[in-house]
Structures are given as structure tokens and as C-alpha cells.
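Chain residues, written in single-letter form:
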Amino acid sequence: AEAAELRARLRAVRHTVLVLSGKGGVGKSTFSALLAHGLAADESKQVALLDIDICGPSIPKIMGLEGEQVHQSGSGWSPVYVEENLGVMSVGFLLSSPDDAVIWRGPKKNGLIKQFLRDVDWGEVDYLIVDTPPGTSDEHLSIVQYLSATHIDGAVIITTPQEVSLQDVRKEINFCRKVKLPIIGVVENMSGFVCPKCKNESQIFPPTTGGAEKMCQNLNVSLLGKVPLDPQIGKSCDRGQSFLAEAPESPATLSYRNIIQRIQEYCEQHHFQEEKIM
Amino acid sequence: VFAERTNLAGVRHILLVLSGKGGVGKSTISTELALALRSAGKRVGILDVDLCGPSIPRMLRVQDSAVHQCDSGWVPVFVGQDKAIALMSIGFLLERLDDAVVWRGPKKNALIKQFVTDVAWGDLDFLIVDTPPGTSDEHISIVEALRPYQLLGAILVTTPQ
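Residues numbered from 1 in each chain as written. Chains lettered and ligands numbered in written order. Predicted model: local features only at pLDDT ≥ 70, side-chain atom pairs only at ≥ 80, totals over all residues. Heavy atoms only, no water.

Help me understand the sheet that holds strand E1 (residues 13-20) of chain A in this model?
Two pairing modes exist for strands in a sheet, parallel and antiparallel, and in both the strands are linked by backbone hydrogen bonds. Residue and element names in this part refer to chain A. Here eight strands make up an open sheet; going across it, the order is E5-E6-E2-E7-E1-E8-E9-E12 and the pairing mixed. Each end of this open sheet is capped by a strand with a single partner; those strands are strand E5 (80-83) and strand E12 (223-226). In this sheet, neighbouring strand axes are inclined to one another by 20° on average, regardless of whether the strands run parallel or antiparallel. One ladder, built from five bridges, connects strand E2 (residues 47-51) with strand E6 (residues 86-90); its direction is parallel. Bridged to Val47 within E6 is Leu86. Contacts from helix H2 (residues 28-40) reach E1, E2, E5, E6, strand E7 (125-131), strand E8 (154-159) and strand E9 (183-188) within the one sheet, and its direction differs from that of E7 by about 170°. (Pairing = 2+ DSSP bridges. Helix = DSSP H or I, 4+ residues; strand = E, 2+ residues; numbered from the N terminus. Axes fitted to C-alpha atoms, helices over the stretch in contact; angles between N-to-C directions. Contact = heavy atoms within 4.5 Å.)

Take a look at the structure:
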């Protein structure tokens, strides 16, 4: 009966993309937010962003929605809307203060994730983007399990160039394979820095073992793109503004836009193939 | 009645390295702190309780090591220039380095308890405990398991943003 409830709620969701890593602090939330903004630029598309990082929900701040509260209506919880076609849900909206620590064990976290999926009234959604915490644990197992009620187009996996990150990301790739979650591809963040003054390029996080490129070759997954470091990215996140809108000329913006397009193409193609089969 | 000498009986101080946020340098700081204390002549151990993303073995170049058992439990891997820093991490228990540890909370909790009670640390001045990001199972469990011992305190790591 529960599975049927979830299926009903998620029936109007056309595409679902999970943003994963394995490593913390590589830019999952940053990427999830920009993916949401990028897809919502097309006003004819309805985009939903779900933040299931219960201990460290970054999405409210990154989307400029800190302090917002969730409202209940007859049809469930209302997402918080950034634009008419971009709705957001995060545990951050349920806290009375942004400094409140959510110190929950796995089962309680799973319960909240299920509630998000069951009780949030998303309406008709073209893209549901799910931002996750680092790791391969309760939240990840649960989201894959609960979303099996609908279908997940795939996972976008975020990394930085260094081996200490890749090490954890390889585990995440194995997790995806274990739970039969298709991998749309890998994004390498913090991939080089071009000095705005002297235009010299530095590798702040040197790819000592070949970076995401080598890892993707070895594991036969797609490298969606590399995004260089740009101090404006962090600033935009802190201020709750879309980096793509704040710095349209940045090489990082160009990279992000290319990656977002590739994800969109993957989802559309996937849908088309499914329709063909049906 | 025999008073059992626990595996942590010889540890003088325990330091937790925490954040909340991932990727800010907890494991890096834990490693450097251990090396610096060792340089200053202290006896040091590192307990890596990041079960999903154990970074410490690679940072100390022992990612290919395995652990052995003795009468009092697991023997830590000895690292550092003089092989005098004792290290325990789930990294050493994995069959393959790329194996994902896809465990729910209760299984993680059980292993963390075991890491606290079943590693033969010996006599240490400092035991540094590296944690994963967040405020969840691992953190609750490690604090509960360490409560009977001399918990010196926590060091919190952040970045400026």
C-alpha cells in the first residue's frame, strides 16, 4: 500500500536525476542547484529540487531560501518556490533555526525521506533533482528503494581531481552498479584555476592519478565535463544567487551549461527509447 | 574476579576531529596532527571511523595493508616514518579498495563499537579519532562508545564559506 502511495505521488514526475558523490565537499549541492536553475531556464519545464542531506542541508542557502518554512495544504506539503517553475524541498525548511543540529540515526532519517516523497505535493514535474549527502548509507539506500516506485533516469556523480576524492567516488560507482542505478556520468569540479589577472592556469587539486578522466576510462562511465574553480561560485552559493546568472561569461558557466545540456539530452533520449519500447 | 584491562586503558587522551561539512580537511588535519604529535615525541594512534569514505590509509600510504588479530583483538597498522603511529580504519578490512561499504546505521554502529573495544592500541599519549561528515550514526556511536574513557575534546574543522 505504501509503494502504491509513493507511485501515485510520483506518477506525474517525468525524469528523476540523483546527484551523488561518496566524497563530501566536492560540489554536489552546488551542482544540484545549478542543474535546477539551468533546467528551469526553460519556462515551459517544471523543475523540482529535493534535498535529502538531513544532517547538512545546503540547498536552502544556495537557493536563497534560508528562513523559509514549509506550508501544509489539503494536498500535502507545499514545496518552496524560487521561480514559478522551480520548487524546492529540504529538511532545512523544517528546522526552527539554521544552526539546529539534526542528530538522527538511520531509521529516523529514512522516515523523513519517505515522508518527503509521499507528502510533498510536487504536482506535474518534468525534472526531479535529488541532492544527497556524501557516502553510501541509509539515505542512499532509501532513496533508491523508495524511488523504485517511479523510475530514476540515472545518477550524476560529482568528484574533484584528487585521488582522495576518486577513491570514494569509485565506491559510489560500485554502489550504483550494485543497486542497478544507471550512471548518466561524472562531473569533475574544481578542475584547475585560471587566474583572472595573469591568466595562468594552476592545478589547485592536482590529478595525481589521472583525475576523473582516467577513472571514467577505467570504469567505463561517461565524463560529462570538467568545471574549473571560480571564486564566484562559492560566493554565489553563500549569497543564494545562481552562479550561471551572476557570471554568465565565466569558463565555469560554459562548462556547467554544456554538462546540463548533456544531462537533458540523456533524459530525453531515455524517455524516447522507453516510449518506443511501449 | 579478574579486572580486565580494556584496550583503551593505556590511552591517555582521546581527541575527536569533527566537522558537519564534508571535504573541509578533517582527515588531512587528523593525519597532520598525528604526525606533528609524533614528531614531538608522543605516542600516537589514529582511529578512522569514516566507514563509507575512509581516507586515512591512503594519506599514510598504507592503503594496501591488512590487519591481523592477536589475543586482545585487532592489531593496528603501524605507520609514519618510524612506523610508530598506530592506525585502524575500515579501509583495512575491505577485500577490494573500491568496494562500497553500503551499510545502514545499525551495522555501522556495531563496527564502531568494535573499533573502540577490540583494537589493541597499547600505550598511547593521544588517540585521534577521524569522523565522517554529518551528525548521525557514526557520531552518536563513537561518542557513546568513548564516554567511559578520557575524552579530551573535539576539534572542529571548517573552510571560510
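Is there a simple way to explain the environment of Leu10(A) in this structure?
Residues and elements named next belong to chain A. Structurally, Leu10 can be placed in helix H1 (residues 2-10). When the C-alpha atoms of Leu10 and Ala252 are compared, they prove to be 33 Å apart, with 242 residues separating the residues in sequence. Ignoring sequence-local partners within four residues, the contact set of Leu10 consists of Leu117, Leu128, Leu147 and Thr150.

Quick question: what am I supposed to make of the sheet that holds strand E7 (residues 124-130) of chain B here?
All names here are of chain B. A sheet is described by the order of its strands in space; here six strands give the open sequence E5-E6-E2-E7-E1-E8, paired in mixed fashion. Two strands in the sheet have a free side with no partner beyond their single neighbour: strand E5 (77-79) and strand E8 (151-156). Between one strand axis and the next, the sheet turns through 25° on average, direction left out of account. Relative to strand E6 (residues 85-89), E5 runs antiparallel, the two being bridged by three bridges. The partner of Val77 across the bridge, within E6, is Leu87. This element, helix H4 (residues 137-146), spans strand E1 (11-18), strand E2 (44-48), E7 and E8 of the sheet and lies at about 165° to E1.

How do you make sense of the UniProt feature "domain: AAA+ ATPase" (unreviewed entry) in chain A when you look at a structure like this?
What UniProt calls "domain: AAA+ ATPase" (unreviewed entry) maps, in this numbering, to residues 14-170 of chain A. What you have in residues 14-170 of chain A is 31% helix and 25% strand, and the ends, taken at the C-alpha atoms, are 29 Å apart. (UniProt positions renumbered as here; feature names shortened; annotations may be inferred.)

Mind showing me how you'd approach the interface of chain A and chain B here?
Many analyses report the size of an interface as the accessible area lost when the parts associate. Contact with chain A, which involves 31 residues of that partner, is made by 30 residues of chain B. Of the roughly 2,500 Å² buried between chain A and chain B, counting both surfaces, carbon and sulfur atoms make up 48%. The largest contributions to the chain A side of the interface with chain B come from Arg105(A), Gln167(A) and Lys171(A), which together make up 26% of the buried area. Mapped by element, the contributors of at least two residues to the side of chain A that touches chain B are helix H4 (106-119), helix H5 (138-147), helix H6 (163-178) and helix H8 (231-239) of chain A. Top contributing element to the side of chain A that touches chain B by residue count: H6(A), with nine residues. (Buried area = accessible area lost by both parts, 1.4 Å probe.)

I tried to follow the pattern of salt bridges on my own but got confused; where do I start?
When their charged atoms lie close together, side chains carrying opposite charge are able to pair. In this structure the tally under the stated criterion is 18 salt bridges over all chains. Between Glu163(A) and Arg58(B) there is a salt bridge, with the nearest N and O atoms lying 3.8 Å from each other. Remark: Arg58(B) occurs in helix H2 (residues 56-59) and Glu163(A) occurs in helix H6; the pair is interchain, linking two chains. Taking relative accessible area as the criterion, Glu163(A) reaches 7% and is therefore assigned buried. Accessibility expressed as a relative area gives 26% for Arg58(B), which makes it partly exposed. A single salt-bridge network, built from bridges that share partners, covers Glu5(A), Arg118(A) and Asp119(A). (Salt bridge = Lys/Arg side-chain N within 4 Å of Asp/Glu carboxyl O. Buried < 20%, exposed > 50% of the residue type's maximum accessible area, 1.4 Å probe, protein only.)

How should I be thinking about the packing of aromatic side chains in this particular structure?
Aromatic rings considered in pairs are described by the distance between their centres and by the relative angle of their planes. Counted by the stated rule, this structure contains four aromatic pairs over all chains. Taken together, a centroid distance of 6.0 Å and an interplanar angle of 70° make the contact between Trp77(A) and Phe116(A) edge-to-face. Separated by 39 residues along the polypeptide, Trp77(A) in strand E4 (residues 76-78) and Phe116(A) in helix H4 bring together distant segments of the chain. Taking relative accessible area as the criterion, Trp77(A) reaches 9% and is therefore assigned buried. When the centroid spacing of 5.6 Å and the interplanar angle of 70° are considered together, the rings of Trp74(B) and Phe115(B) count as edge-to-face. On the criterion of sequence distance, the pair formed by Trp74(B) in strand E4 (residues 73-75) and Phe115(B) in helix H3 (residues 105-117) is long-range, its members being 41 residues apart. Site record: aromatic cluster; members linked through ring pairs are Phe31(A), Phe243(A) and Tyr256(A). (Phe/Tyr/Trp six-rings, centres within 6.5 Å; stacked < 30°, edge-to-face > 60°.)

Can you help me understand the packing of H1(A) against H4(A) in this one?
Packed helices, taken two at a time, are described by the angle between their axes plus the distance between the axes. Residue and element names in this part refer to chain A. Closest axis-to-axis distance for the H1/H4 pair is 8 Å, and the angle between their directions is 50°. The orientation of H1 with respect to H4, classified from their angle, is oblique. In this structure, H1 uses Glu2, Glu5, Leu6, Arg9 and Leu10 to contact H4, whose residues at the interface are Lys114, Leu117, Arg118 and Asp119. A breakdown of the residues in the contact of H1 with H4 according to their chemical character gives three nonpolar, no polar and six charged. (Parallel < 35°, antiparallel > 145°, perpendicular 65-115°, else oblique. Nonpolar A, V, L, I, M, F, W, Y, C, P; charged D, E, K, R; others polar.)

Is there a simple way to explain H3(B) in this structure?
The α-helix winds at 3.6 residues per turn, so residues separated by three or four positions along the chain end up facing the same way. Between its terminal C-alpha atoms H3(B) stretches 19 Å, which fits the 18 Å expected from 13 residues at 1.5 Å a residue. Those residues of H3(B) that are buried lie in contact with H5 of chain A together with E2, E4, E6 and H4 of chain B. (Expected span 1.5 Å × (residues − 1).)

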